[in-house]
Amino acid sequence: VNASAAAAAADASAEQSGDRSSRRKKDAQLPFESRAAVVLHDEAIRRNKRCLLAYHQYRMDRLRGLRWETTGVLPNHIRGLLSEAEVDFFAEYDRIVSRHCASIDLDLSSSQTPPEADFVEVRVLQAGLGRIETEYGGSVALDLGT
């Protein structure tokens, strides 16, 4: 009884002093029957963390997609389903995209469907532009009114 009380007192003093080596020795003395439970518990925590991070990424992707669908206005029926952090994320993402569109002077949300035809129609409004060569080796005359 005396030896176990002395060992418990030594463990308590080692924990108080912050001696890591004695803590490792104490952990190594974990009963063999408990080791599987500790490993299982650790793996469960890691799995839950991965699931939560995947869910969080899914929500952020949905918010990014929602920004392009609604062009920056968060519908009220959806706003009620979001947390305050998600509403802040949406607003910040919208601000960044809007600022980028303004800096390049192009509205990226105006048309998200590609053109159906491969051809472009050009209207010439200025005389004297001449001819241009296309990438396929042809040339196009840019005459006024054509």
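The rules behind the values
Residues numbered from 1 in each chain as written. Predicted model: local features only at pLDDT ≥ 70, side-chain atom pairs only at ≥ 80, totals over all residues. Heavy atoms only, no water. Helix = DSSP H or I, 4+ residues; strand = E, 2+ residues; numbered from the N terminus. Expected span 1.5 Å × (residues − 1). Buried < 20%, exposed > 50% of the residue type's maximum accessible area, 1.4 Å probe, protein only. Arc of directions from axis to C-beta. Contact = heavy atoms within 4.5 Å. Phe/Tyr/Trp six-rings, centres within 6.5 Å; stacked < 30°, edge-to-face > 60°. Patch = residues over 30% accessible without salt bridge, like charges linked within 9 Å, V, L, I, M, F, W, Y side chains within 5 Å. Areas by Shrake-Rupley, 256 points an atom, 1.4 Å probe, with all protein chains shown as cover. Salt bridge = Lys/Arg side-chain N within 4 Å of Asp/Glu carboxyl O. Pairing = 2+ DSSP bridges. Axes fitted to C-alpha atoms, helices over the stretch in contact; angles between N-to-C directions. Parallel < 35°, antiparallel > 145°, perpendicular 65-115°, else oblique. Left-handed = near helix turned anticlockwise from the far one by under 90°. Nonpolar A, V, L, I, M, F, W, Y, C, P; charged D, E, K, R; others polar.

(A) Expanded view of helix 5 (residues 84-104). The end-to-end C-alpha distance of helix 5 is 31 Å, a good match for the 30 Å that 21 residues give at a rise of 1.5 Å each. For helix 5, the set of buried residues is Glu-86, Val-87, Phe-90, Asp-94, Val-97 and Cys-101. Burial along helix 5 is one-sided: seen end-on, the buried residues are contained in an arc of 100°. For helix 5, the exposed residues set more than 90 degrees away from the buried face come down to Glu-84, Ala-85, Arg-99, Ala-102 and Ser-103. Backbone geometry just downstream of helix 5 places Asp-105 in the positive-phi region, at approximately 55°.

(B) Quick peek at the side chain of Glu-86. Assignment of secondary structure puts Glu-86 in helix 5. In this view, Glu-86 contacts Arg-59, Met-60, Leu-63 and Leu-81; residues no more than four positions away in its chain are not counted.

(C) Representation of the packing of aromatic side chains within the structure. Here the structure, examined in full by the defined rule, presents 1 aromatic pair. For the ring pair Phe-89 and Tyr-93, a centre distance of 6.2 Å and an interplane angle of 10° mean the geometry is stacked. Here the residue Phe-89 and the residue Tyr-93 both occupy positions in helix 5, the gap between them amounting to 4 residues, near one helical turn.

(D) A nonpolar patch on the surface, seen in detail. A cluster of nonpolar side chains, namely Ile-104, Leu-106 and Leu-108, defines an oily patch on the protein surface of about 250 Å² accessible area. Relative to the assigned elements, Leu-106 resides in the loop between helix 5 and strand 1 (130-133). A relative accessible area of 49% places Leu-106 in the partly exposed class.

(E) Just the pairing of strand 1, in detail. Sheet topology places strand 1 next to strand 2 (residues 139-142); 4 bridges connect them, and they run antiparallel. Bridging across to strand 2, Glu-133 finds its partner in Ser-139. With antiparallel pairing between neighbouring strands as the criterion, strand 1 and strand 2 make up a hairpin whose turn holds 5 residues, including Gly-137 at a positive phi of roughly 90°.

(F) Structural view of the packing of helix 3 (residues 32-70) against helix 5. Running from N to C, helix 3 and helix 5 cross one another at 50°; their axes reach a closest spacing of 10 Å. Considering the angle they form, helix 3 stands oblique to helix 5. In this structure, helix 3 crosses over helix 5, and the sense of that crossing is right-handed. Of the residues in helix 5, those in contact with Arg-59, Met-60, Leu-63, Arg-64, Leu-66, Arg-67, Trp-68 and Thr-70 of helix 3 are Glu-86, Phe-89, Phe-90, Tyr-93, Asp-94, Val-97 and Ser-98. Across the contact of helix 3 with helix 5, the residue classes tally to 8 nonpolar, 2 polar and 5 charged.

(G) The pattern of salt bridges, seen in detail. Evaluation of the coordinates by the stated rule reveals 5 salt bridges. The residue Asp-42 makes a salt bridge to Arg-46 at a minimum N-O spacing of 2.9 Å. Separated by 4 residues within a single helix, Asp-42 and Arg-46 lie in helix 3, roughly one turn from each other. Residue classification places Asp-42 among the partly exposed positions, given a relative accessible area of 33%. With its nearest N and O atoms 2.7 Å apart, the salt bridge here joins Arg-64 to Asp-61. Of this pair, Arg-64 and Asp-61 both sit in helix 3, 3 residues apart, which is roughly one turn of that helix. By relative accessible area, Asp-61 is classed as partly exposed at 41%.

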